[in-house]
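Fold and contact review
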Amino acid sequence: MKRNIILMGPPGAGKGTLAKQLIALGYVHISTGDMFREAIKAGSELGKLADSYIKHGDLVPDEVTIGLVKERLSQDDCAKGFLLDGFPRTTPQAEALEKLTKEINRPIDVVINLDCDKNELVRRIGGRRVCKNCGAPYHIDTFKPKVDGVCDLCGGPLYQRNDDNEEALKVRLSHYTNQTKPLIDFYQERGLLANFDSLKGSEALFDEIAKFLKS
Ligand code: ADP
Ligand code: ZN
């Protein structure tokens, strides 16, 4: 069983959806985006700082994000295997993670890269709704909840993220292309990369990846 995993891919590729499914296999889910949104909801200093970047589609500064992940990955529950979702997103983050995983002796076993066509990303993000309470993602056309506006998993209210608009999405996609995409080579060179096609339905993709992780 592969233990310590990074999920990579552009915004809208389905990292969050896949992560929520993989939790059932026992992984601890660490989403920097969810952590920032929690901090924003709580109104903390970190939240205020993160919000000023996130709402425009910009990346939160590396030193802030790296500090947050260091603290989280060092906690005891991560010993059973973790799923990093949305981190690393820049080369300095990937380098800091490499150093940290050595120090705490929890090496990355595999990097799952989700490929997705750009038109599809725009379609997915344009119609995305998210549970305010647990973060579960839905889509207004293709992944509707059983009851309109209500999360199937926890009953929380669904909302549209304030960075899921056309303008912020353009910025997010350009950060992805310029800063995150180069990490594909970074992990390819280390022999850790595994590519999957996220245009498959989410159930088929989950089955394929779950099988791969158990092999
Ligand atoms: P998505 O993958 O759909 O773009 P996330 O929920 O992963 O969304 O992230 C939302 C936002 O949170 C990002 O656009 C960015 O502003 C911030 N963020 C999340 N992870 C990182 C990170 N590793 N480094 C910098 N900023 C981040
Ligand atoms: Zn929910």
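Preceding this section is the structure that the text describes.
Residues numbered from 1 in each chain as written. Chains lettered and ligands numbered in written order. Predicted model: local features only at pLDDT ≥ 70, side-chain atom pairs only at ≥ 80, totals over all residues. Heavy atoms only, no water.

Quick look at the overall build of the protein
Each helix and strand in the protein was counted, giving nine helices and eight strands. In terms of overall dimensions, the protein is globule-like: its C-alpha atoms have a radius of gyration of 16 Å, near the 17 Å expected for 215 residues. Principal-axis analysis of the C-alpha atoms places the extent of the protein at approximately 45 × 40 × 35 Å. Relative to its full complement of 215 residues, the protein shows a buried share of 47%. Taking the contacts inside the protein whose residues are at least 6 apart along the sequence as the reference set, 72% of them involve residues at least 24 apart. For the protein, the computed accessible surface area is about 10,800 Å², with 51% contributed by carbon and sulfur atoms. Here the protein contributes 31 positively and 31 negatively charged side chains, and the mean placements of these two sets differ by 3 Å. (Helix = DSSP H or I, 4+ residues; strand = E, 2+ residues; numbered from the N terminus. Rg over C-alpha atoms; globule rule 2.2 N^0.38 Å. Buried < 20%, exposed > 50% of the residue type's maximum accessible area, 1.4 Å probe, protein only. Contact = heavy atoms within 4.5 Å. Areas by Shrake-Rupley, 256 points an atom, 1.4 Å probe, with all protein chains shown as cover. Lys, Arg positive; Asp, Glu negative; His and termini not counted. Charge placed at Lys NZ, Arg CZ, Asp CG, Glu CD.)

Points about empty space enclosed by the protein
A full pass over the atoms with the stated rule returns one cavity of 30 Å³ or more. By volume, the largest cavity amounts to about 30 Å³. Forming the boundary of the largest cavity are Ile66, Val69, Lys70, Phe87, Gln93, Ala96, Leu97 and Leu100. Breaking the lining of the largest cavity down by element, the ones donating at least two residues are helix H4 (62-73) and helix H5 (91-103). The leading source of residues in the lining of the largest cavity is H5, at four residues. For the lining of the largest cavity, a count of residues per class yields six nonpolar, one polar and one charged. (1 Å grid on protein atoms, 1.4 Å probe; cavity = no way out; pocket = protein on both sides within 12 Å on 5 of 7 lines; lining within 4 Å. Points joined across faces, edges and corners; volume = space filled by probe spheres on them. Nonpolar A, V, L, I, M, F, W, Y, C, P; charged D, E, K, R; others polar.)

Some remarks on the sheet that holds strand E5 (residues 128-131)
Adjacent strands of a sheet form backbone hydrogen bonds with each other and so pair up, either parallel or antiparallel. Strand order in this open sheet of three strands is E6-E5-E7, and the pairing throughout is antiparallel. Every interior strand has two partners, whereas the edge strands, strand E6 (137-139) and strand E7 (158-159), have only one. Note that E5 and E6 share three bridges and pair antiparallel. Counted as the bridge partner of Arg129 is Tyr138 from E6. In the packing of helix H6 (residues 118-126) onto the sheet, contacts are made with E5 and E6, and the angle to E5 comes to roughly 50 degrees. (Pairing = 2+ DSSP bridges. Axes fitted to C-alpha atoms, helices over the stretch in contact; angles between N-to-C directions.)

As for the layout of surface pockets
As a volume, the second largest pocket reaches approximately 520 Å³. As for the second largest pocket, its lining consists of 24 residues, and the residues nearest its centre are Asp34, Met35, Arg37, Glu38 and Tyr159. Those elements giving two or more residues to the lining of the second largest pocket turn out to be strand E2 (28-31), helix H2 (32-42), helix H3 (45-54) and E5. Residue composition of the lining of the second largest pocket, grouped by class: eight nonpolar, six polar and ten charged.

A look at the site of ligand 1
Ligand 1 sits among 19 residues. The nearest are Thr32, Arg37, Asp58, Gly86 and Gln93. The contact in question runs from an oxygen atom of ligand 1 to an N or O atom on the side chain of Arg37, over 2.8 Å. Here Asp58 contributes a backbone N or O atom positioned 2.5 Å from an oxygen atom of ligand 1. Across the complex, the protein chains shield 97% of the 550 Å² of accessible surface that ligand 1 would expose by itself. Considering each element in turn, the shell around ligand 1 owes the most residues, four residues, to H2. (Near = heavy atom within 4 Å. Polar contact = N/O pair within 3.5 Å; in protein donor to acceptor, adjacent residues only side chain to side chain.)

Re the packing of H2 against H4
For the pair H2 and H4, interaxial distance at closest approach is 11 Å and the crossing angle is 100 degrees. Relative to H4, H2 is oriented roughly perpendicular. Packed against H2, whose contacting residues are Thr32, Met35 and Phe36, the element H4 presents Val64, Thr65, Leu68, Val69 and Arg72 at the interface. When grouped by side-chain class, the residues that make up the contact of H2 with H4 number five nonpolar, two polar and one charged. (Parallel < 35°, antiparallel > 145°, perpendicular 65-115°, else oblique.)

Side note on the side chain of Ser198
Within the fold, Ser198 resides in the loop between strand E8 (193-197) and helix H9 (202-214). Here the side chain of Ser198 touches Ala13 through a polar contact of 3.0 Å, landing on its backbone oxygen. Sequence-distant contacts of Ser198, that is, excluding residues within four places in its chain, are made with Ala13, Leu114, Asp115, Cys116, Arg124 and Leu205.

Brief notes about the sheet that holds strand E1 (residues 5-8)
Taken in spatial order, the five strands make up an open sheet running E2-E3-E1-E4-E8, and their pairing is parallel. A single partner strand is all that each edge strand has here, and the edge strands are E2 and E8. When the angles between neighbouring strand axes are averaged without regard to direction, this sheet yields 20 degrees. As defined by bridge partners, E1 adjoins strand E4 (residues 110-115) across four bridges and the pair is classed as parallel. Of the residues in E4, the one forming a bridge with Ile6 is Val111.

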